[in-house]
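These are the residues of each chain, in order.
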Amino acid sequence: MASLPMEIEKMALDIAEVNALVGKESALRAARHAANIPDIRHWCEVIQQDNRSYKEFEKNTVHAPAALLMVWTMPPLWSPESAAATEPHERAIKLLEDAGYGTGLAVALEQKFLRPLKVGERLSYRVKLSGVSSGEVETGIGRGYQLDLLYTFQNQDGDVVSEQLCRRAQVARITVPAKH
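Cut-offs and rules
- Residues numbered from 1 in each chain as written.
- Predicted model: local features only at pLDDT ≥ 70, side-chain atom pairs only at ≥ 80, totals over all residues.
- Heavy atoms only, no water.
- Helix = DSSP H or I, 4+ residues; strand = E, 2+ residues; numbered from the N terminus.
- Buried < 20%, exposed > 50% of the residue type's maximum accessible area, 1.4 Å probe, protein only.
- Contact = heavy atoms within 4.5 Å.
- Areas by Shrake-Rupley, 256 points an atom, 1.4 Å probe, with all protein chains shown as cover.
- Salt bridge = Lys/Arg side-chain N within 4 Å of Asp/Glu carboxyl O.
- Core = buried A, V, L, I, M, F, W, Y, C linked by side-chain atoms within 4.5 Å.
- Polar contact = N/O pair within 3.5 Å; in protein donor to acceptor, adjacent residues only side chain to side chain.

Student: Please explain the overall build of the chain as it appears in this structure.
Tutor: Scanning the chain from N- to C-terminus turns up four helices and ten strands. Scanning the chain from its N terminus toward the C terminus, one meets helices and strands in the order β-α-β-α-α-β-α-β-β-β-β-β-β-β. Within the chain, the fraction of its 180 residues that count as buried is 32%. Contacts in the chain between residues at least 24 apart in sequence constitute 75% of all its contacts with a sequence separation of at least 6. On the chain, roughly 11,300 Å² of surface is accessible, and the fraction owed to carbon and sulfur atoms is 52%.

Student: Teacher, can you tell me more about the pattern of salt bridges here?
Tutor: For side chains of opposite charge, pairing can occur when their charged atoms come near one another. Using the criterion set out here, one finds nine salt bridges in the structure. Of the charged contacts in the structure, one is a salt bridge between Arg 167 and Glu 110, with a shortest N-O distance of 4.0 Å. With a gap of 57 residues between them, Arg 167 in strand E9 (residues 160-171) and Glu 110 in strand E4 (residues 103-113) connect regions that are remote in the sequence. The class of Arg 167 is partly exposed, set by a relative accessible area of 21%. By relative accessible area, which is 47% here, Glu 110 ends up partly exposed. Residue Arg 143 pairs with Glu 136 through a salt bridge whose shortest N-O separation is 3.0 Å.

Student: What's the story with the nonpolar core in this structure? I'm lost.
Tutor: As a rule of thumb, nonpolar side chains are buried together in soluble globular proteins. Membership of the largest hydrophobic core comes to 29 residues, with the highest contact counts inside it found for Trp 72, Leu 117, Leu 129, Leu 147, Leu 149 and Tyr 151. Secondary structure elements with two or more residues in this core: helix H2 (37-46), helix H4 (88-98), strand E6 (124-132), strand E8 (142-154) and E9. Element by element, the count of residues in this core is highest for E8, at five residues. When residues no more than four places from it in sequence are discounted, the contact partners of Leu 147 are Val 18, Ile 93, Leu 96, Leu 129, Gly 131, Val 132, Cys 166, Arg 167 and Arg 168.

Student: How should the side chain of Ser 162 be read in this particular structure?
Tutor: Assignment of secondary structure puts Ser 162 in strand E9. A polar contact is formed between the side chain of Ser 162 and the backbone oxygen of Lys 112, at a distance of 2.9 Å. Reaching out from Ser 162, the side chain makes a polar contact with the side chain of Gln 164 at a distance of 3.3 Å. Not counting residues up to four positions away in its chain, the partners in contact with Ser 162 are Leu 69, Lys 112, Phe 113, Leu 114, Tyr 151, Thr 152 and Phe 153.

Laid out in structure tokens, this is it:
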């Protein structure tokens, strides 16, 4: 079976616009829910980490597993309308998307947990665009730009509980020409 030739869409990008956003931080975004026992219990059941009874689990659980940190701060996975790109990191991604780099994927995540998250704490976070590749980078799915996004998570008292650096590749859309 012969493979189809692929063409990459033409790109028009002023990378200086993206670079102007480096170092800028988003507004503080609040979690929709506090760290809670039902979510922790459900996660433990899914990964079969804990087989204690529900009553004992509620009584004895004080800290949330570190792996669940983003559960409480995640935006809804679906929404009836798309949100405007108002924050610096969102604007950088939108600039790249508009220039044809329409596929975004996380390629690395470095996590630092500064202290355990307690049940009942309500998180919020900020995202800083901390870096942009100096030029296009080659990935397994295409050429694009790399963005470094630094997430800082804090509790309701302003205590920082975690810092996470997410390296994101924003790559070109690949189009397959129509058969003739």
